[in-house]
Amino acid sequence: MRTAGVPDADDVAAYYDVMGPLLQLVWGDNFHFGYWDDDQDTSDLAEATDRLTRVVAERLAPRPGDRVLDLGCGVGVPALRLAALTGATVLGISYNRRQVDEASDRARAAGAQGRVRFAYADAMALPYPDASFDAVFALESFVHLDRPRALRECVRVLRPGGRIVLTDMLLRGEIAPELRSGVEHGLAVQRLAPFPTADYYRDLADEEGLVVEELTDLSDHTRLTVHRIADSVTRHRREIEERYGDQARAIAAAMRSPLQLMPEFGYQLLLARRPFATGPSAV
Ligand SMILES: C[S@@+](CC[C@H](N)C(=O)[O-])C[C@H]1O[C@@H](n2cnc3c(N)ncnc32)[C@H](O)[C@@H]1O
């Protein structure tokens with residue numbers, strides 16, 4: 001049974017069929033938030049989203065040759081970047097076949113097929129054996145997932161001692177009652193599960209037997225993302241209307257909505273480790 005408010009996986013895949021080209025137009029090839037030093041940082045979206053990949057790669061810190069799973073790989077840019085930065089071998093998975101094809105083309109074009117591969121798979125039912133990866137990262141894929149199911153799968157495929165890094169949205173405060181239906185509409189249009197609060201991942205990691213090494217509110221560094229995307233949607237408005245039809249128009253409107261800018265919405269990063277042994281003495 002699905003957790004309340006979590007979108008259907010096939011529906012998310014269909015959303016990316018429509019949204020993929022539009023996201024690439026307005027956001028770039030990294031489908032995740034950017035990281036800026038502060039509000040004066042003039043980096044553009046491409047630089048800032050790449051910087052967030054580097055933040056994740058530094059936290060994950062795989063060794064050369066380690067087997068890394070990228071859960072929800074988009075069009076493959078973060079997996080290729082992490083492999084280049086660390087020397088790890090990366091398998092990226094997505095439940096959207098077009099993304100897997102585009103990411104595979106990208107790996108071929110980069111001559112990286114030996115170290116970076118992509119496959120079609122559901123993050124909530126991974127077709128991989130237990131303990132088959134040294135590390136797992138998930139850049140914003142948990143926004144679409146049944147989080148407990150997905151984290152359980154990550155823990156299952158992670159070897160004891162292995163690390164997971166994920167980034168997700170963060171609900172930093174109560175949403176005013178008069179805004180709730182608008183927020184729910186925005187989440188549904190963008191196929192997003194309700195956002196987790198600050199304590200959520202500490203509790204969930206604990207339930208799944210992970211040791212939390214870091215749980216950070218990155219909102220002060222990621223805040224510019226929604227402004228930059230809203231500006232970009234405005235700049236590309238005519239093209240979106242002409243090329244992508246009604247559904248994309250509705251999604252683009254949600255991406256430009258003032259609700260996106262609410263201070264209650266933030267961004268978080270989790271770094272956790274699967275302990276070598278379970279039980280009271282496990283560390
Ligand atoms: C916001 S995008 C992030 C993509 C990528 N991590 C990046 O940073 O560019 C979310 C990703 O999660 C993937 N995804 C959503 N639901 C999934 C599922 N059930 N199984 C695997 N991937 C899924 C989407 O196809 C998409 O690639």
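Going by the structure above, here's the rest.
Scoring rules and cut-offs
- Residues numbered from 1 in each chain as written.
- Predicted model: local features only at pLDDT ≥ 70, side-chain atom pairs only at ≥ 80, totals over all residues.
- Heavy atoms only, no water.
- Helix = DSSP H or I, 4+ residues; strand = E, 2+ residues; numbered from the N terminus.
- Rg over C-alpha atoms; globule rule 2.2 N^0.38 Å.
- Buried < 20%, exposed > 50% of the residue type's maximum accessible area, 1.4 Å probe, protein only.
- Contact = heavy atoms within 4.5 Å.
- Areas by Shrake-Rupley, 256 points an atom, 1.4 Å probe, with all protein chains shown as cover.
- Lys, Arg positive; Asp, Glu negative; His and termini not counted.
- Charge placed at Lys NZ, Arg CZ, Asp CG, Glu CD.
- Near = heavy atom within 4 Å.
- Polar contact = N/O pair within 3.5 Å; in protein donor to acceptor, adjacent residues only side chain to side chain.
- Nonpolar A, V, L, I, M, F, W, Y, C, P; charged D, E, K, R; others polar.
- Pairing = 2+ DSSP bridges.
- Axes fitted to C-alpha atoms, helices over the stretch in contact; angles between N-to-C directions.
- Parallel < 35°, antiparallel > 145°, perpendicular 65-115°, else oblique.
- Expected span 1.5 Å × (residues − 1).
- Left-handed = near helix turned anticlockwise from the far one by under 90°.

**A look at the overall build of the protein**
Helix and strand counts for the protein come out as 10 helices and 7 strands. Taken over the C-alpha trace, the protein has a radius of gyration of 18 Å; the compact-globule value for 283 residues is 19 Å, and the two agree within 12%. In terms of overall dimensions, the protein has C-alpha extents of about 55 × 45 × 40 Å along its principal axes. When each of the 283 residues of the protein is scored for burial, the buried share is 53%. Relative to all contacts within the protein whose residues are 6 or more apart in sequence, the contacts with residues 24 or more apart total 78%. Counting only carbon and sulfur atoms, one obtains 50% of the accessible surface of the protein, whose full area is about 12900 Å². Taking the 33 positively charged and 43 negatively charged side chains of the protein as two groups, their mean positions are separated by 4 Å.

**Remarks on the site of the ligand**
The full set close to the ligand counts 22 residues, and Phe 31, His 32, Gly 72, Gln 99 and Ala 123 are the nearest of them. Take Phe 31: an N or O atom from its main chain is 2.8 Å from an oxygen atom of the ligand. Ala 123 has a polar backbone atom sitting 2.8 Å from a nitrogen atom of the ligand. Computed on the free molecule, the ligand has an accessible area of 600 Å², of which 98% lies beneath the protein chains in the complex. Residues of the shell around the ligand, tallied by class, amount to 12 nonpolar, 8 polar and 2 charged.

**Describing the side chain of Arg 51**
Mapping Arg 51 onto the fold places it in helix H2 (residues 45-60). Only 2.8 Å separates the side chain of Arg 51 from the side chain of Ser 43, close enough to count as a polar contact. Once residues within four sequence positions are removed from consideration, Arg 51 is found in contact with Tyr 35, Trp 36, Asp 37, Asp 41 and Ser 43.

**Some thoughts on the sheet that holds strand E5 (residues 158-171)**
Across the sheet, which stays open at both edges, the 7 strands sit in the order E3-E2-E1-E4-E5-E7-E6 with mixed pairing between neighbours. Every interior strand has two partners, whereas the edge strands, strand E3 (116-120) and strand E6 (211-217), have only one. Between one strand axis and the next, the sheet turns by 15 degrees as a mean value, whatever way the strands run. Relative to strand E2 (residues 89-94), strand E1 (residues 67-71) runs parallel, the two sharing 5 bridges. Among the inter-strand pairings, Asp 70 is bridged to a residue of E2, identified as Gly 92. Docked against the sheet, helix H4 (residues 97-109) engages E2 and E3, running at close to 165 degrees with respect to E3. Against the sheet, helix H7 (residues 200-207) touches E5, E6 and strand E7 (265-273), its axis set at about 165 degrees to E6.

**Thoughts on unusual backbone geometry**
Residues other than glycine seldom take positive phi values, yet Ala 61 does so here, at roughly 45 degrees. Its location among the elements puts Ala 61 in the loop between H2 and E1. Phi is positive for Ala 131, close to 55 degrees, though the residue is something other than glycine. With respect to the helices and strands, the residue Ala 131 is situated in the loop between E3 and strand E4 (133-139). Judged by its relative accessible area of 30%, Ala 131 falls in the partly exposed class.

**Some points on the packing of helix H1 (residues 9-26) against helix H10 (residues 237-256)**
Between H1 and H10, the least distance of the axes is 10 Å, while the angle of their chain directions is 95 degrees. Taken together, H1 and H10 sit at an angle that is classed as roughly perpendicular. Where H1 abuts H10, its residues Tyr 15, Val 18, Met 19, Pro 21, Leu 22, Leu 23, Leu 25 and Val 26 lie against Glu 239, Ile 240, Tyr 244, Gln 247, Ala 248, Ile 251 and Met 255. Looking at the contact of H1 with H10 residue by residue, the class counts come to 13 nonpolar, 1 polar and 1 charged.

**Some thoughts on H2**
Between its terminal C-alpha atoms H2 stretches 23 Å, which fits the 22 Å expected from 16 residues at 1.5 Å a residue. A side-chain oxygen of the first residue of H2 lies 3.2 Å from the backbone nitrogen of Ala 46; this N-cap is Asp 44. Ala 61 sits one or two positions beyond H2 and adopts a positive phi of about 45 degrees.

**Some words on the packing of H2 against helix H3 (residues 77-86)**
The angle between the axes and the distance between the axes are what describe a pair of packed helices. At a closest axis distance of 10 Å, the pairing of H2 and H3 adopts a crossing angle of 50 degrees. On the basis of the axis angle, H2 is oblique to H3. Crossing of H2 over H3 shows right-handed handedness. On H3, the residues that touch Asp 50, Thr 53, Arg 54, Ala 57 and Leu 60 of H2 are Pro 78, Arg 81, Leu 82 and Leu 85.

Distances and angles like these do not, on their own, reveal function.
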